[in-house]
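# Chains, contacts and geometry: an overview
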Amino acid sequence: MFVAVSIFEVANGMAEEVKKAFVSRPHLVDAAAGFLEMKVLSPQENLNEIWVTTFWNEESNYQDWYKNHMKESHQGIPKGLKLVPESTKVRFFQQVTN
């Protein structure tokens, strides 16, 4: 299993709007080949930081989605959102245990 974790921090007080957008997301990624699950987390010590964790059968499934469909899947991002500069990162993992 392949796991992609996107981390970013909201800079302009819109963290709750971003979280609500994830709750009401259109689920476009759910139909992507190899997609298994998405979890959106926010650390208790910094509620402006958001971690989007997606689980895939294989890295190639994620790469295909990212290349071909990622932009349309982000259409629900609240207008005016600003991120903390240099807070955005993507990390990739291989799941070792369940």
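First, a word on what this report is: a plain description of the structure on this page. In this text, all values refer to a predicted model and were calculated from it rather than measured experimentally.

## Here we look at the overall build of the protein
Scanning the protein for helices and strands turns up three helices and four strands. Across the protein, helices and strands are ordered from the amino to the carboxyl terminus as β-α-β-β-α-α-β. Here the protein has a C-alpha radius of gyration of 14 Å; the compact-globule value for 98 residues is 13 Å, and the two agree. Overall, the protein is about 35 × 30 × 25 Å in size when its C-alpha atoms are taken along their principal axes. Burial analysis of the protein (98 residues in total) assigns 30% to the buried set. A sequence separation of at least 24 residues applies to 70% of the contacts in the protein between residues at least 6 apart. Working note: accessible area of the protein is about 6800 Å², and carbon and sulfur atoms make up 53% of it.

## Examining the sheet that holds strand 2 (residues 35-41)
Read from one edge to the other, the open sheet built from four strands follows the order 2-3-1-4, with strand pairing classed as antiparallel. Only two strands of the sheet have a single partner each, and these edge strands are strand 2 and strand 4 (89-94). If you compare each strand with its neighbour and ignore which way they point, the axes differ by 15° on average. Here strand 1 (residues 2-9) runs beside strand 3 (residues 49-56); their pairing, made up of eight bridges, is antiparallel. By the bridge assignment for strand 3, I7 is matched with W51. Contacts from helix 1 (residues 15-23) reach strand 1, strand 2 and strand 3, with the element oriented near 20° to strand 3.

## Thoughts on the side chain of S87
You can see S87 is positioned in the loop between helix 3 (70-73) and strand 4. For S87, the side chain forms a polar contact with the main-chain nitrogen of E9, separated by 3.0 Å. Contact partners of S87, with chain neighbours within four places excluded, come to I7, F8 and E9.

## As for the pairing of strand 3
In terms of burial, strand 3 is a largely internal element, seven of the eight residues being buried. Sheet analysis places strand 2 next to strand 3, joined by six bridges and oriented antiparallel. Bridge pairing in strand 3 links K39 to T53.

## Let's talk about the side chain of K19
For K19, the location among the structural elements is in helix 1. Accessibility expressed as a relative area gives 19% for K19, which makes it buried. When neighbours within four sequence positions are excluded, K19 is seen to be in contact with S42, L47 and I50.

Calculation rules
- Residues numbered from 1 in each chain as written.
- Predicted model: local features only at pLDDT ≥ 70, side-chain atom pairs only at ≥ 80, totals over all residues.
- Heavy atoms only, no water.
- Helix = DSSP H or I, 4+ residues; strand = E, 2+ residues; numbered from the N terminus.
- Rg over C-alpha atoms; globule rule 2.2 N^0.38 Å.
- Buried < 20%, exposed > 50% of the residue type's maximum accessible area, 1.4 Å probe, protein only.
- Contact = heavy atoms within 4.5 Å.
- Areas by Shrake-Rupley, 256 points an atom, 1.4 Å probe, with all protein chains shown as cover.
- Pairing = 2+ DSSP bridges.
- Axes fitted to C-alpha atoms, helices over the stretch in contact; angles between N-to-C directions.
- Polar contact = N/O pair within 3.5 Å; in protein donor to acceptor, adjacent residues only side chain to side chain.

Purely geometric numbers; function is a separate question.
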